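# Architecture at a glance
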Amino acid sequence: MKILMVCLGNICRSPLAQGILEQKAAEKGLNWSVDSAGTGSWHIGESPDPRSVYTAGQHGLDISGQRARQFRRQDLQDFDLILAMDQSNYQEILRMAQSPEEEEKVRKILDFTSDATAGDVPDPYWDDDGFEKVYQMLDKACDKIIATDQ
Ligand code: 4NP
């Protein structure tokens, strides 16, 4: 199973989502490959935002080795499941899909949780206090994603 987490910058939300799901998959002994990307190009090659690195660290996760990259059309072929953080990312990815098979791979990550408010993981970039909330949302969603494999 190959899963790609996608947000806008690939420095705040999707690196956290990648780290969380990688850890849960490893704990369950699942042979999953998890990656992340951003629909935007501003942060290509950068480390995750220090606030994401800090928040992950508070939960025993080290995401500092990740580097940002931009989402590309090829990802729709290479991955089994592509999880967008919000509606804007979701639509941007769907716009690049070239077949119904590719479209079916694309979901919003909070579709996996029932308590989603508006279905979007809020962008914490401009909100120092938003990172822990984002972590909790992603942690719950990743538990559900892992559970779908049982
Ligand atoms: P992310 O957050 O999409 O969760 O990585 C953002 C990071 C940077 C920008 C926007 C969102 N930016 O505009 O540079």
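In this text the structure is predicted, and so the values were computed from the model without any measurement.

What counts as what
- Residues numbered from 1 in each chain as written.
- Predicted model: local features only at pLDDT ≥ 70, side-chain atom pairs only at ≥ 80, totals over all residues.
- Heavy atoms only, no water.
- Axes fitted to C-alpha atoms, helices over the stretch in contact; angles between N-to-C directions.
- Helix = DSSP H or I, 4+ residues; strand = E, 2+ residues; numbered from the N terminus.
- Parallel < 35°, antiparallel > 145°, perpendicular 65-115°, else oblique.
- Left-handed = near helix turned anticlockwise from the far one by under 90°.
- Contact = heavy atoms within 4.5 Å.
- Nonpolar A, V, L, I, M, F, W, Y, C, P; charged D, E, K, R; others polar.
- Core = buried A, V, L, I, M, F, W, Y, C linked by side-chain atoms within 4.5 Å.
- Buried < 20%, exposed > 50% of the residue type's maximum accessible area, 1.4 Å probe, protein only.
- Pairing = 2+ DSSP bridges.
- Polar contact = N/O pair within 3.5 Å; in protein donor to acceptor, adjacent residues only side chain to side chain.

Turning our eyes to something else, we now look at the packing of helix α1 (residues 13-27) against helix α6 (residues 130-147). With their axes 9 Å apart at the nearest point, α1 and α6 run at an angle of 40° to one another. With respect to α6, the element α1 is oriented oblique. Crossing geometry of α1 relative to α6 is assigned as right-handed. Residues R13, L16, A17, I20, L21, K24 and A25 of α1 pack against F131, V134, Y135, L138, D139, C142, D143, I145 and I146 of α6. A class-by-class count of the residues in the contact of α1 with α6 yields 12 nonpolar, no polar and 4 charged.

Looking now at the nonpolar core. Counting residues in hydrophobic clusters, the biggest one holds 29 residues, and the most contacted among them are M5, L21, I109 and L138. Residue assignment for this core shows that the elements contributing at least two residues are β1 (2-7), α1, β3 (81-84) and α6. Among the elements that make up this core, the one with the highest residue count is α6 (8 residues). With near-sequence residues (within four places) excluded, L138 lies in contact with R13, L16, A17, I20, M85, I109 and V121. Counting residues in each nonpolar core, the second largest holds 12 residues, with L4, V6, M96 and A97 among its members.

Attention shifts here to the side chain of R13. Its location among the elements puts R13 in helix α1. A residue is classified by how much of its surface remains accessible, and R13, at 2% relative accessible area, is buried. When neighbours within four sequence positions are excluded, R13 is seen to be in contact with C7, L8, M85, D86, N89, V121, P122, D123, P124, V134 and L138.

In a beta sheet, neighbouring strands are held together by backbone hydrogen bonds and run either parallel or antiparallel to one another. If you trace the 4 strands from one edge of the open sheet to the other, you get β2-β1-β3-β4, paired in parallel fashion. Every other strand in the sheet has two partners, leaving β2 (33-38) and β4 (106-108) as the edge strands with one partner each. When strand polarity is set aside, the average angle formed by the axes of neighbouring strands in this sheet is 25°.

So, about the environment of D35. Relative to the assigned elements, D35 resides in strand β2. Non-local contacts of D35, meaning those with residues more than four positions away in its chain, are made with I3, L4, M5, Q18, R69 and F79. In terms of polar contacts, D35 uses its side chain to reach the side chain of R69, at 3.2 Å.

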